[in-house]
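Chain residues, written in single-letter form:
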Amino acid sequence: MFLRKQFDKRTAVYRSSDSIKNFKFRVSLRTLNTLISVPKYHHTTKTDRKTQQNETSDDEIESHTLRWQEKRLSRKEISFFANKENCQTDAQKEHHQTIKRYGLDDDERLVDKIFTYVSDDPFNAGSVNKKFSEFIQRVDELDEESLSGDLVIASGGRERLFNGLFGFETMYIMADLALETVLFTISWRSRDGLLIVYPDFNSMSANPYLQEIDSDSKHMFHYALENLSEDFDRDESQGKKDIEVISQLKNLSIAAPAAFHVPPKRRANILLHLEIESAERFEYDNIHIRYNIALPNRCELLDGLIEGSTHSCRKRSGQQRFNVGYCHEMMMLCNIDYEWSDSAKIALDVISTDGWNRERSEGYAMLSIPLTPGIFQHELPCYRELTDNTVMDKLKRYFIGGRRIVDHNTFSAISTAEKVTKLNRYGNETISSGILFVKHQILLQRNDSLIQALSTGKSRAKRSSKNNLTIDDVVSAYHLAKVRLEAATSNK
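Residues numbered from 1 in each chain as written. Predicted model: local features only at pLDDT ≥ 70, side-chain atom pairs only at ≥ 80, totals over all residues. Heavy atoms only, no water.

## A few points about unusual backbone geometry
Line of reasoning, step 1. Following Tyr-198, the chain continues into Pro-199 via a peptide bond in cis, with omega recorded as -15 degrees.
Line of reasoning, step 2. Mapped onto the elements, Pro-199 comes out in the loop between β7 (194-198) and β8 (209-214).
Line of reasoning, step 3. Phi is positive for Arg-281, close to 70 degrees, though the residue is something other than glycine.
Line of reasoning, step 4. Among the structural elements, Arg-281 can be located in the loop between β10 (267-280) and β11 (287-294). (Helix = DSSP H or I, 4+ residues; strand = E, 2+ residues; numbered from the N terminus.)

## Structural notes on helix α3 (residues 90-102)
It helps to recall that an α-helix has 3.6 residues per turn; residues three or four apart then point in one direction.
Line of reasoning, step 1. Over its 13 residues, α3 runs 18 Å from end to end, which matches the ideal 18 Å to within 8%, given 1.5 Å per residue.
Line of reasoning, step 2. Here α3 has its buried residues at His-95, His-96 and Ile-99. For α3, the arc enclosing every buried residue in end-on projection is 100 degrees, short of the 170-degree limit, so these residues lie on one face. Exposed and facing more than 90 degrees away from the buried side of α3 are Asp-90, Glu-94, Arg-101 and Tyr-102.
Line of reasoning, step 3. Residues of α3 that are buried make contact with α2 (75-81).
Line of reasoning, step 4. Taken from the residues just after α3, Gly-103 is the one with a positive phi, measuring 60 degrees. (Expected span 1.5 Å × (residues − 1). Buried < 20%, exposed > 50% of the residue type's maximum accessible area, 1.4 Å probe, protein only. Arc of directions from axis to C-beta. Contact = heavy atoms within 4.5 Å.)

## Concerning the packing of aromatic side chains
Line of reasoning, step 1. Evaluated as defined, the whole model comprises 10 aromatic pairs.
Line of reasoning, step 2. Taking the centre distance of 5.0 Å and the plane angle of 40 degrees together, the rings of Phe-23 and Phe-25 count as tilted. Each member of the pair, Phe-23 as well as Phe-25, carries the same accessibility label: buried.
Line of reasoning, step 3. An angle of 75 degrees between the planes, with centres 5.4 Å apart, marks the rings of Phe-184 and Tyr-223 as edge-to-face. In this pair, Phe-184 is assigned in strand β6 (residues 179-189) and Tyr-223 in strand β9 (residues 218-227), connecting sequence segments 39 residues apart. For the residue pair Phe-184 and Tyr-223, the accessibility class agrees, reading buried in each case.
Line of reasoning, step 4. Aromatic rings pair up to connect Tyr-14, Phe-23, Phe-25 and Phe-201 into one cluster.
Line of reasoning, step 5. The lysine or arginine in question, Arg-321, covers the ring of Phe-437, its NZ or CZ lying 4.6 Å from the ring centre.
Line of reasoning, step 6. Over the ring of Tyr-284 we find Arg-360, and its NZ or CZ is 4.2 Å from the ring centre. (Phe/Tyr/Trp six-rings, centres within 6.5 Å; stacked < 30°, edge-to-face > 60°. Lys NZ or Arg CZ within 6 Å of the ring centre and 35° of its normal.)

## Here we look at the sheet that holds β7
Line of reasoning, step 1. On the basis of which strands lie adjacent, the open sheet formed by 5 strands has the order β1-β7-β6-β5-β4 and antiparallel pairing. Strands with a single pairing partner mark the edges of an open sheet, and in this sheet they are β1 (12-15) and β4 (114-117). When strand polarity is set aside, the average angle formed by the axes of neighbouring strands in this sheet is 20 degrees.
Line of reasoning, step 2. Inspection of the sheet shows strand β5 (residues 169-177) paired to β6 by 9 bridges, in the antiparallel sense. Bridge assignment links Met-171 to a residue of β6, and that residue is Ile-186. (Pairing = 2+ DSSP bridges. Axes fitted to C-alpha atoms, helices over the stretch in contact; angles between N-to-C directions.)

## Description of the pattern of salt bridges
Line of reasoning, step 1. The full count for this structure, using the stated rule, is 16 salt bridges.
Line of reasoning, step 2. Here Arg-189 ties to Asp-192 by a salt bridge, and the two come within 2.8 Å at their closest N and O atoms.
Line of reasoning, step 3. Between Arg-384 and Glu-283 there is a salt bridge, and its shortest N-O distance comes to 3.6 Å. Of this pair, Arg-384 sits in strand β17 (residues 374-385) while Glu-283 is found in the loop between β10 and β11, placing the two residues 101 residues apart along the sequence.
Line of reasoning, step 4. Residue classification places Arg-384 among the buried residues on the basis of a relative accessible area of 16%.
Line of reasoning, step 5. In this structure, a network of salt bridges that share partners links the residues Arg-15, Arg-189 and Asp-192. (Salt bridge = Lys/Arg side-chain N within 4 Å of Asp/Glu carboxyl O.)

## A closer look at the state of the cysteines
Should the sulfur atoms of two cysteines be covalently bonded, the bond is a disulfide.
Line of reasoning, step 1. Throughout the structure, instances matching the rule amount to 1 disulfide.
Line of reasoning, step 2. The disulfide partner of Cys-299 is Cys-334, and the S-S distance across this bridge is 2.1 Å. Every disulfide takes its handedness from the sign of the S-S torsion; for Cys-299 and Cys-334 that torsion is 115 degrees, giving right-handed. Here the residue Cys-299 occupies a position in strand β12 (residues 299-303), and Cys-334 occupies one in strand β14 (residues 321-335), the gap between them amounting to 35 residues.
Line of reasoning, step 3. Look at Cys-299 and you get buried, because its relative accessible area is 14%. (Disulfide = S-S within 2.5 Å.)

## Points about the sheet that holds strand β2 (residues 24-31)
Line of reasoning, step 1. With antiparallel pairing, 4 strands are arranged side by side in an open sheet as β3-β2-β9-β8. Two strands in the sheet have a free side with no partner beyond their single neighbour: β3 (61-67) and β8. Neighbouring strand axes in the sheet, compared pairwise and without regard to direction, differ in orientation by 20 degrees on average.
Line of reasoning, step 2. Bridge analysis of β8 against β9 gives 6 bridges, and the strand direction is antiparallel.

## Structural notes on the side chain of Thr-116
Line of reasoning, step 1. For Thr-116, the position within the fold is in strand β4.
Line of reasoning, step 2. With relative accessibility at 0%, the residue Thr-116 sits in the buried group.
Line of reasoning, step 3. Only 2.9 Å separates the side chain of Thr-116 from the backbone oxygen of Glu-70, close enough to count as a polar contact.
Line of reasoning, step 4. At 2.8 Å, the side chain of Thr-116 and the backbone nitrogen of Arg-72 are in polar contact.
Line of reasoning, step 5. Those residues in contact with Thr-116, other than ones at most four positions away along the chain, are Leu-66, Glu-70, Lys-71, Arg-72, Asp-121, Met-171, Tyr-172 and Ile-173. (Polar contact = N/O pair within 3.5 Å; in protein donor to acceptor, adjacent residues only side chain to side chain.)

Shown next, in the form of structure tokens:
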């Protein structure tokens, strides 16, 4: 008895700091019951007898334990490389020696269905894998001018061009099922430890993949890929990484400029680092958080975005906490005489998404961030609109996600299209929904060269001749000293 269910094939992306040489996996292939068998009536030749010997019986499992870029020859390659005259390169000559050493070309020897193509093989996966071919075709969308026909031909095909452009090595796990069939495609990029597996690892007993082949009869196969890699010594690996990082830092220190880039006079750079750490007590699962940042007065955006969204996040079974762990950075340029009470205001909107992609509003919150350097922690209670709290209102919330009654930026006095002197919330009914845990950090960078110049013990004549101070510079330094004095007074 076997599973007839077709499990979804999805691409899996992994990151590993271990060496790819330690990557070990097992490939399994099971021949299932053949359906609608159509007999053949012809004279049986020696080749037919060999093919019949290679046919496996129903429910027989063929398994191979392989390592990264381990070469296994196919029936076609064995037949071709068995003739020494067909071997020109060193790799082909090595294949010939392997065939002769182990007698792989013996007519009485059973040849395995599973074989591999590695990075050095001239294999075009697009001819047998439609999905992979469509993926490779998207390389053209990167830059049509750079991907000319001559470049594709010189690279040995689109797959090899793709691997060369993005630094990937690829290994194909194949099977001879009347036709050459790609079972698994595994790609590795060493510079960031990125491993891409399509389809993802699975189990022959729990969720095998199904492959159907239509030839003279309908053949069905189950296949699986299991990760057998052992845990590596993280301390040793981390030690090697630390040595590499120290070496890189030494190189950077040599190439680093003598001084930092400073903002213009009478201006200040303000770096805001926002971290949405977690959330809890929201009604529905699978939430994400959208945010919008209103800049303070007399500030402009230098780098970063003022709005965005976190990834989707689910809570673990039996827990009420969503571990979000989302970070956002932005750099602002502000006048140096800004008020310490000026603040950046952030509107946060918590949205849940169900299995039918229906979005529901789970809660709103507003965070005011003064432009004060330091590290700050916040616990933000959220609210959502409550209309009549009737059965119809609950049905609307469940089926269409509810409806927005007010503009929440105006409701929270964050920003309005027109200047409004009064904030009226009368008639709005809300209900407490959940809590957001947020942390933010403020870094401030100013150009203090004027203050340093004025505070030196040198003579006034030497100072003005060396720094070329003007009346505007002196007035600016006065304002800067005033701001510092007010800040020191307010902290007492």
